[in-house]
Amino acid sequence: MSKLLSPAQIAGLSLKNRVVMPPMCMYVVEKEDGKVTPFHHAHYGARAIGQTGLIILEATAVEPDGRLTKNDLGIWSDEHILGLKKLVDELHSLGAKVGVQLGHGGHKAQDALDKIAPSALAYNDNYGKPREMTLEDIKRVQKSFVTAAGRAQEAGFDMIELHGAHGYLINQFLEPLSNHRLDAYGGSLENRYRIVGEMLPAIKDAFAGSIWIRLSMTAYDETGQQNTITDWQTIGRWLERDGIDCLDISTGGLMELQPNIPIYSGYQAPYTNHMKQAVSIPVSAVGLLNAPELGEYLLQTEQADLIEVGRGLIRNPNWPAEAATVLHDHDFEVYNNSYKRGQFK
Ligand SMILES: Cc1cc2nc3c(=O)[nH]c(=O)nc-3n(C[C@H](O)[C@H](O)[C@H](O)COP(=O)(O)O)c2cc1C
């Protein structure tokens, strides 16, 4: 049996395999109220039937102004809980474990009425300049993440992931490129980490399941103003100390698309590997891992503990079954007998 498709006890989760659907914004909430739609049931349901072990719902905003667009999902109000719970219950009944990515876009929140960020620095000319967050703003956003974690608990999620990557608010705090603050939340690495470190104990009190964070381990900046790999490894160790169960390693998104980004199969895996060497908690890999052999290789050589497949699962909700064929995994089980019949001509 392949490691990719074998059951695993990992990051506090009991998973039927190591295939993870990473968070991917669908921007389909036409009513602009942040609530789950029938599309979400069909979209995520298809991937649950396809035997994805863990489905992480798209970036879901902890505050209305934390949305990238008005069509994002939200978890900023108690009114969101019921719709999320129905979705979680359905995905559970289809056999998947379910998580949600908790996000705040900071200066990337395109539609925000009051755009906030660690520093008054625009993402680019089209996004508009944010307001530098006051200490009250920081406390409020921390509280919003904690309250959102509590709502995720009520909705029955198995895991939550803090969005600390791709130039979202937490990423903006962590990187010196986007954090020019002169107070306790800027300057040293310790200060830039403070917003996360301070809220983790309360998040752990609010949410009993597995708590992950997604990090961008490089901004592809070539001017020497970004965190080094060693800095990220230090952040990883602090996150482990502060109770994070799994580190989801990505890259980029803080600056406008850089021409120097090398894109190839597994292009982010070297970063996953760097983080694996620094921490003892599980590390999840993502980024053009569509070839099942590549995921299996990263798992077997202990360069990663979980394999996320994003665009591959958009193209093919039955990606795990295809992976089983490629890996000659005869123990892999499709959803039910009718789906089994679909395997043969
Ligand atoms: C349509 C789309 C929406 C995405 N939305 C999010 C998101 O909400 N949060 C996030 O962290 N990454 C997001 N991503 C990035 C994916 O989670 C993933 O890291 C990326 O697509 C690389 O993996 P892949 O090569 O397997 O697609 C998005 C990607 C796509 C294609």
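These numbers were taken from a predicted model, which means no experiment stands behind them. (Residues numbered from 1 in each chain as written. Predicted model: local features only at pLDDT ≥ 70, side-chain atom pairs only at ≥ 80, totals over all residues. Heavy atoms only, no water.)

Enquirer: Please set out the overall build of the chain residue by residue, giving values where relevant.
Expert: A tally of helices and strands in the chain yields eleven helices and 13 strands. When its C-alpha atoms are laid out on the principal axes, the chain stretches across 65 × 40 × 35 Å. Within the chain, the proportion of its 345 residues that are buried is 59%. Contacts spanning at least 24 positions in sequence make up 72% of the contacts within the chain whose residues lie at least 6 apart. (Helix = DSSP H or I, 4+ residues; strand = E, 2+ residues; numbered from the N terminus. Buried < 20%, exposed > 50% of the residue type's maximum accessible area, 1.4 Å probe, protein only. Contact = heavy atoms within 4.5 Å.)

Enquirer: Before we move on, could you go through empty space enclosed by the protein and cite the residues and values that matter?
Expert: With the rule as written, the count across this model stands at one cavity of 30 Å³ or more. By volume, the largest cavity amounts to about 30 Å³. The element that contributes the greatest number of residues to the lining of the largest cavity is strand S4 (residues 54-61), accounting for three residues. (1 Å grid on protein atoms, 1.4 Å probe; cavity = no way out; pocket = protein on both sides within 12 Å on 5 of 7 lines; lining within 4 Å. Points joined across faces, edges and corners; volume = space filled by probe spheres on them.)

Enquirer: Talk me through the side chain of Gln142; I want residue IDs and the actual numbers.
Expert: For Gln142, the location among the structural elements is in helix H3 (residues 135-155). Overall, the relative accessible area of 7% leaves Gln142 in the buried class. Beyond its immediate sequence surroundings of up to four residues, Gln142 is in contact with Tyr185, Arg194, Ile195, Glu198 and Met199.

Enquirer: Please provide a residue-by-residue account of the pattern of salt bridges, values included.
Expert: In the structure shown here, the tally under the stated rule is 14 salt bridges. Here Asp305 ties to Lys276 by a salt bridge, and the two come within 2.9 Å at their closest N and O atoms. Linking Asp305 in the loop between helix H8 (292-300) and strand S13 (306-308) with Lys276 in helix H7 (residues 269-278), this pair joins segments that are 29 residues apart in sequence. A residue is classified by how much of its surface remains accessible, and Asp305, at 15% relative accessible area, is buried. (Salt bridge = Lys/Arg side-chain N within 4 Å of Asp/Glu carboxyl O.)

Enquirer: Run through the site of the ligand, naming residues and quoting values.
Expert: Near the ligand there are 15 residues, and of these Pro23, Gln101, Leu288, Gly310 and Arg311 occur at the shortest range. Assessed atom by atom at 2 Å from the grid points, the ligand resides in the largest pocket. Partitioning the shell around the ligand into residue classes produces eight nonpolar, five polar and two charged. (Near = heavy atom within 4 Å. Sits in = over half its atoms within 2 Å of the grid points. Nonpolar A, V, L, I, M, F, W, Y, C, P; charged D, E, K, R; others polar.)

Enquirer: Which residues make up the environment of Phe39, and what values go with them?
Expert: Of note, Phe39 is situated in helix H1 (residues 38-49). Setting aside chain neighbours within four positions, we find Phe39 in contact with Met26 and Val28.

Enquirer: Report on the nonpolar core, specifying residues and quantitative values.
Expert: Judged by nonpolar contacts, the single largest core of 87 residues is most densely connected at Leu57, Leu102, Phe157, Leu215, Leu239 and Leu247. Sort the elements by how many residues they give to this core and H3 lands first, with eight residues. Non-local contacts of Leu247, meaning those with residues more than four positions away in its chain, are made with Ile213, Leu215, Gly236, Leu239, Met275, Val279, Ile281, Pro282, Val283 and Ser284. Within the second largest apolar cluster, twelve residues are counted, among which are Ala8, Leu13, Ile56 and Cys246. (Core = buried A, V, L, I, M, F, W, Y, C linked by side-chain atoms within 4.5 Å.)

Enquirer: I'd like a rundown of the pairing of strand S11 (residues 246-250), residues and numbers included.
Expert: Burial analysis of S11 places five of its five residues in the buried class, which makes it a mostly covered element. Covered by surrounding structure in S11 are Cys246, Asp248 and Ser250 together with Leu247 and Ile249, the residues of both alternating faces. Of the strand pairs in this sheet, strand S10 (residues 210-216) and S11 are connected by five bridges, and their pairing is parallel. Paired with Arg214 across the bridge in S11 is Asp248. (Pairing = 2+ DSSP bridges.)

Enquirer: Just give me the short version of the environment of Gly99, but keep the residues and values in it.
Expert: Its place among the elements puts Gly99 in strand S6 (residues 97-103). Spatially, the C-alpha atom of Gly99 lies 9.4 Å from that of Gly209, the residues being 110 residues apart in sequence. Sequence-distant contacts of Gly99, that is, excluding residues within four places in its chain, are made with Leu54, Ile55, Ile56, Leu57, Phe157 and Met159.

Enquirer: Help me get a handle on the layout of surface pockets, residues and values and all.
Expert: For the largest pocket, the calculated volume is near 990 Å³. Lining the largest pocket are 44 residues, and of these His166, Arg214, Ser250, Tyr267 and Arg311 sit closest to its centre. Here the lining of the largest pocket takes three residues from helix H9 (residues 311-315), the largest share from any one element. Across the lining of the largest pocket, the residue classes break down as 23 nonpolar, 15 polar and six charged.

Enquirer: Please set out the packing of aromatic side chains residue by residue, giving values where relevant.
Expert: If you walk through the whole model with that rule in mind, you get three aromatic pairs. Aromatic side chains Tyr123 and Tyr127 sit 4.9 Å apart centroid to centroid with 80 degrees between the ring planes, which places their arrangement in the edge-to-face category. Residue class for Tyr123 comes out buried when judged on its relative accessible area of 17%. Over the ring of Tyr123 we find Lys108, and its NZ or CZ is 4.6 Å from the ring centre. (Phe/Tyr/Trp six-rings, centres within 6.5 Å; stacked < 30°, edge-to-face > 60°. Lys NZ or Arg CZ within 6 Å of the ring centre and 35° of its normal.)

Enquirer: Please give an account of the packing of helix H6 (residues 229-241) against H7 that cites residues and values.
Expert: In the contact formed by H6 and H7, the axes pass within 9 Å of each other and the chain directions differ by 50 degrees. Looking at the two axes, H6 sits oblique to H7. Judged by the sense of rotation from one axis to the other, the crossing of H6 with H7 is right-handed. Residues Ile229, Trp232, Gln233, Gly236 and Arg237 of H6 lie in contact with H7, whose contacting residues are Tyr271, His274, Met275 and Ala278. In terms of residue class, the contact of H6 with H7 is made up of five nonpolar, three polar and one charged. (Axes fitted to C-alpha atoms, helices over the stretch in contact; angles between N-to-C directions. Parallel < 35°, antiparallel > 145°, perpendicular 65-115°, else oblique. Left-handed = near helix turned anticlockwise from the far one by under 90°.)

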